[in-house]
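# Architecture at a glance
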Amino acid sequence: MKLTANLNTDRFRNGDLIPEAKTNQEWINANKNKKPAWCYHDNDPTNGKKYGKLYNWYAVNDPRGLAPKGYHIPTFEEMEDFRDKFSDGLLGGCRYYHGRYEDVGYYGQWWSSTEADSYDAGYFCLYYSSRDLDLMYDNKRSEEHTSELQSHLNLVCRLLLEK
C-alpha cells in the first residue's frame, strides 16, 4: 500500500458536499450537532494548498466515505508499517473544539480510522523535534470540556491507496 499526501477534498466519496466551517461558531455548531465539517488552518485557503484541510471526526467517520474510491483512512495497524517512513509528513497542526488553531510547523496530526471506544479515536502525531510518529488516542466526541487538554482534536487526513 502507498501513503498519500494530506487530503484536500470538500466532498464525500458519493459526491455530497462536506460543509466548510468558516467561523469559530460554525465549527462549534458542527461538532456540537455531530455534523461533518472541514476548514483550512486559520481559515486561510493558502494553508489548504500546503497542509490540506482539517476535518472533524464526524467527517472522517461518515458512512458516505471521506476517502475517494480506491483509498481509505489508515488504521493504527496499517500506520505501524509506515512509522519509519513518515518523516516527510507536513506539520499542519490541529483545531480544537472552541475553534482555536494550534501547532502548525510544530506537530503534524492525522486521523486514523481506529476507534478506541465511544469516546476516543486514534490519531498519529509527528513532532518537529524528533520526527518520530506516535500513535495516540483523543476525544472524538462533541462535548465541551473545561480543560483545553480534554478538548477533542480536528485533524488532517492522509490516505492509503488500496491494494
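Rules used throughout
In this numbering scheme, every chain counts its residues from 1 along its sequence in written order. Local features are withheld for residues below a pLDDT of 70 in this predicted model, meaning they are given only at 70 or higher, and side-chain atom pairs are given and counted only at 80 or more; totals for whole chains, interfaces and linings count all residues. Values reported for side chains reflect all heavy atoms of the structure, with hydrogen atoms and water molecules removed beforehand. Values of pLDDT, ranging from 0 to 100, describe the predictor's confidence in every residue of the model. Comment: elements are numbered from the N terminus, with helices defined as DSSP H or I runs of at least four residues and strands as E runs of at least two. Counting of polar contacts relies on pairs of N or O atoms within 3.5 Å, with two restrictions inside protein: one atom must be capable of donating a hydrogen and the other of accepting it, and residues adjacent in sequence are counted only when both atoms are side-chain atoms. Here, a salt bridge means any side-chain nitrogen of Lys or Arg that lies within 4 Å of a carboxyl oxygen of Asp or Glu. With a 1.4 Å probe rolled over the protein chains alone, any residue whose accessible area is under 20% of its type maximum counts as buried; one over 50% counts as exposed, and the rest are partly exposed. Put simply, two rings from Phe, Tyr or Trp (the six-membered ring, in Trp's case) pair if the centres are within 6.5 Å, and we call them stacked under 30 degrees between planes, edge-to-face over 60, tilted for the rest. Only when the NZ of Lys or the CZ of Arg is both within 6 Å of the ring centre and within 35 degrees of the ring normal is a charge said to sit over the ring. To define a nonpolar core, start from buried Ala, Val, Leu, Ile, Met, Phe, Trp, Tyr and Cys residues and group those joined through side-chain atoms within 4.5 Å. Any two residues whose heavy atoms approach within 4.5 Å are treated as being in contact. Any two strands with at least two DSSP-identified bridges between them are counted as paired. Each direction from the helix axis to a C-beta atom contributes to the arc, which is the arc of those directions. For the purpose of charge, His is not counted, nor are the chain termini; Lys and Arg are scored as positive and Asp and Glu as negative.

## Details of the confidence of the model for the protein chain
- Chain-level statistics for the protein chain give a pLDDT mean of 75 and a share of 71% at 70 or above.
- At the level of individual helices and strands, the protein chain shows its lowest average pLDDT in strand β10 (residues 153-154), which scores 53, and its highest in strand β2 (residues 38-39), which scores 90.

## Some points on the side chain of H72
- With respect to the secondary-structure elements, H72 resides in strand β4 (residues 71-72).
- There is a polar contact of 2.9 Å between the side chain of H72 and the side chain of E78.

## Some points on the pattern of salt bridges
- Throughout the structure, instances matching the rule amount to two salt bridges.
- Between D16 and R64 there is a salt bridge; the shortest N-O distance is 3.2 Å. Of this pair, D16 sits in the loop between β1 (2-6) and α1 (24-32) while R64 sits in the loop between α3 (57-60) and β4, placing them 48 residues apart in sequence.
- Overall, the relative accessible area of 32% leaves D16 in the partly exposed class.

## Quick word on the packing of aromatic side chains
- Under the criterion given, the structure shown has one aromatic pair.
- A cation over a ring is seen here: K53 above W38, with NZ or CZ 4.5 Å from the ring centre.

## Quick look at the nonpolar core
- Formed by 17 residues in total, the largest nonpolar core has its most connected members in I18, W38, Y55, W57, V60, L66 and W111.
- At the level of elements, α3 and β8 (120-127) are the ones that each hand at least two residues to this core.
- Those residues in contact with W38 that sit more than four places away from it in its chain are D10, I18, P19, E20, A21, W27, K53, L54 and Y55.
- Listed in part, the seven residues of the second largest apolar core include F76, W110, L126 and L133.

## Observations concerning the pairing of β8
- The element β8 is extensively covered by neighbouring structure, given that eight of its eight residues are classed as buried.
- Judged by which residues are buried, β8 turns out to be covered on both faces: D120, G122, F124 and L126 on one side and A121, Y123, C125 and Y127 on the other are all buried.
- The pairing of strand β7 (residues 107-115) with β8 spans six bridges and is classified as antiparallel. Of the residues in β8, the one forming a bridge with Q109 is C125.

## Describing the environment of D138
- As for its placement among the helices and strands, D138 is situated in strand β9 (residues 133-139).
- Judged by its relative accessible area of 15%, D138 falls in the buried class.
- Linking D138 and G122, residues 16 residues apart in sequence, is a C-alpha distance of 6.6 Å.

## Notes on α1
- Taken as a whole, α1 has its buried residues at W27, I28, A30 and N31. The buried residues of α1 occupy an angular sector of 160° when the element is viewed end-on, so they sit on one face.
- Positioned one or two residues after α1, K34 has a phi angle of 55°, which is positive.

## Quick word on the side chain of K53
- Within the element layout of this structure, K53 appears in the loop between α2 (45-51) and β3 (54-55).
- With no salt bridge to any partner, buried K53 finds its closest opposite charge in D10, at an N-O distance of 5.6 Å.
- There is a polar contact of 2.8 Å between the side chain of K53 and the side chain of N8.

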